[in-house]
Amino acid sequence: MVETIEWTVDGVVMIDQTRLPRETVFVTCRTYLEVADAIKTMIIRGAPAIGVAAAMGVAIGVERSDDDIELICSTLAATRPTAVNLFWGIDRMRRLHLSLAGRSRAEMVAAMVTEAKLVKDEDVAICMAIGAHGAALVPDHKTVLTHCNAGALATAGYGTALGVIRAAVAAGKTIDVFADETRPFLQGARLTAWELQQDGIPTTLITDNMAGHFLKSGRIGCVVVGADRIAANGDVANKIGTYSVAVLAKENGVPFYVAAPISTLDLTLTDGSLIPIEERAAKEVTEVYGVPVAPEGIAVLNPAFDVTPNRYVMGIITEKGVAYPPFTESLRELANS
Ligand code: MRU
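All of the points below concern the structure found in this document. (Residues numbered from 1 in each chain as written. Predicted model: local features only at pLDDT ≥ 70, side-chain atom pairs only at ≥ 80, totals over all residues. Heavy atoms only, no water.)

1. Details of helix H7 (residues 187-199)
With 13 residues, H7 extends 17 Å from end C-alpha to end C-alpha; this agrees with the ideal 18 Å at 1.5 Å per step. Considering bend angle alone, the principal kink of H7 is centred on Ala 193 and spans about 25°. Residues of H7 that are buried: Gln 187, Gly 188, Arg 190, Leu 191, Thr 192, Ala 193, Trp 194, Glu 195 and Leu 196. Of the surrounding secondary structure, the elements contacted by the buried residues of H7 are strand S2 (12-15), strand S4 (143-146), helix H6 (161-170), strand S5 (176-180), strand S6 (203-206) and strand S9 (236-239). In the stretch just after H7, Gly 200 is the one whose phi turns positive, near 75°. (Helix = DSSP H or I, 4+ residues; strand = E, 2+ residues; numbered from the N terminus. Expected span 1.5 Å × (residues − 1). Bend = angle between axes of the 7 residues up to and from the residue. Buried < 20%, exposed > 50% of the residue type's maximum accessible area, 1.4 Å probe, protein only. Contact = heavy atoms within 4.5 Å.)

This is how it looks when you write it as structure tokens:
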């Protein structure tokens, strides 16, 4: 499996997800500003991967610049608004920095770098645990539908939703995957299809508007997606289009699961209406690989995420176990366990 992000002596190395699957190119970020830019331009994307990148960004900022920790943190925090893992990663590093006040610069840098590497290693372990908890929920001899990319590329490795699929396959289940292409950024077509093909997991690419047709067909055993932020009541922000899939899943009696680490929970928000939704550039909608597909000057909206109300969610698979409705109680219990 390819390394999504790595701490090296040269800097923070990331696979450039904007160029997959056409080219496998690695980008080295040598400053925290370059890390911030990589998050903003989606060289690295996916909530847990963004959290790891942010932690490494803070570490490289402390190591290689004289900028104030607050400036480093606020610059990284201004990159993308929806995935709460970004803020979680930054806060973890900021708290460590505070606790090390008075130490020598060398000691400070060593501790910050060690912590950033730990954030990455923990994320892989968390994904494996999510996979282990989720595998039992995947019906055998059926198709799993997923949306966007919640795989190794969206995490430090293994994936959340794709972690569940990988664990189900490892447990001997005979399943295949339907991957929504995920317009407009095509994470499903470019990243999920690529990742699963590399793993040899049978995968069929469908366009987003085909999901309802297949959910009705009886072939889909369950839907598993990732999340960018989950409110205290279990409302789930995830890639735009997730809500439509969830409604169509419920309409057709197909279980809809969300796989996410505890760091994706935002228990400070009572419900999903409070989750900030990123609006991205119109060009992502009007162009495909730089080729216009719409008339010039047309009005465009491009919200990158939507919120699926908790009533459509059958369970939230975390590294600590599966939360079931009512989520306000079950998520709080899991988070505090
Ligand atoms: O805009 P992206 O590609 O960062 O959005 C990614 C998603 O919506 C994923 O489904 C989510 O972050 C979960 S990744 C394990």
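2. Structural notes on empty space enclosed by the protein
One way to see where empty space is left: roll a probe the size of a water molecule over the atoms. Under the definition given, this model contains two cavities of 30 Å³ or more. Empty space within the largest cavity amounts to approximately 180 Å³. Forming the walls of the largest cavity are 21 residues, and the residues nearest its centre are Arg 45, Gly 46, Ala 47, Asn 149 and Asp 228. Grouping the amino acids of the lining of the largest cavity by side-chain chemistry returns ten nonpolar, seven polar and four charged. Two domains each provide a minimum of three residues to the lining of the largest cavity, namely domain 1 (5-127) and domain 2 (133-336). Taken as a whole, the second largest cavity holds about 60 Å³ of empty space. Forming the walls of the second largest cavity are 13 residues, and the residues nearest its centre are Pro 184, Phe 185, Lys 239, Glu 284 and Ala 304. (1 Å grid on protein atoms, 1.4 Å probe; cavity = no way out; pocket = protein on both sides within 12 Å on 5 of 7 lines; lining within 4 Å. Points joined across faces, edges and corners; volume = space filled by probe spheres on them. Nonpolar A, V, L, I, M, F, W, Y, C, P; charged D, E, K, R; others polar. Domains from an automatic or database assignment.)

3. A short note on the site of the ligand
Near the ligand you find 19 residues, and of these Arg 45, Arg 80, Asp 228, Asn 238 and Lys 239 are the closest. The contact in question runs from an oxygen atom of the ligand to an N or O atom on the side chain of Gln 187, over 2.8 Å. Protein contacts shield 100% of the accessible area of the ligand, which totals 420 Å² for the unbound molecule. When each cavity is represented as a set of grid points, the ligand is found to reside in the largest cavity. For the shell around the ligand, the secondary structure elements donating two or more residues are helix H2 (47-64) and S9. Considering only residue class, the shell around the ligand consists of eight nonpolar, seven polar and four charged. Mapped onto the domain boundaries, the shell around the ligand takes at least three residues apiece from domain 1 (5-127) and domain 2 (133-336). (Near = heavy atom within 4 Å. Polar contact = N/O pair within 3.5 Å; in protein donor to acceptor, adjacent residues only side chain to side chain. Areas by Shrake-Rupley, 256 points an atom, 1.4 Å probe, with all protein chains shown as cover. Sits in = over half its atoms within 2 Å of the grid points.)

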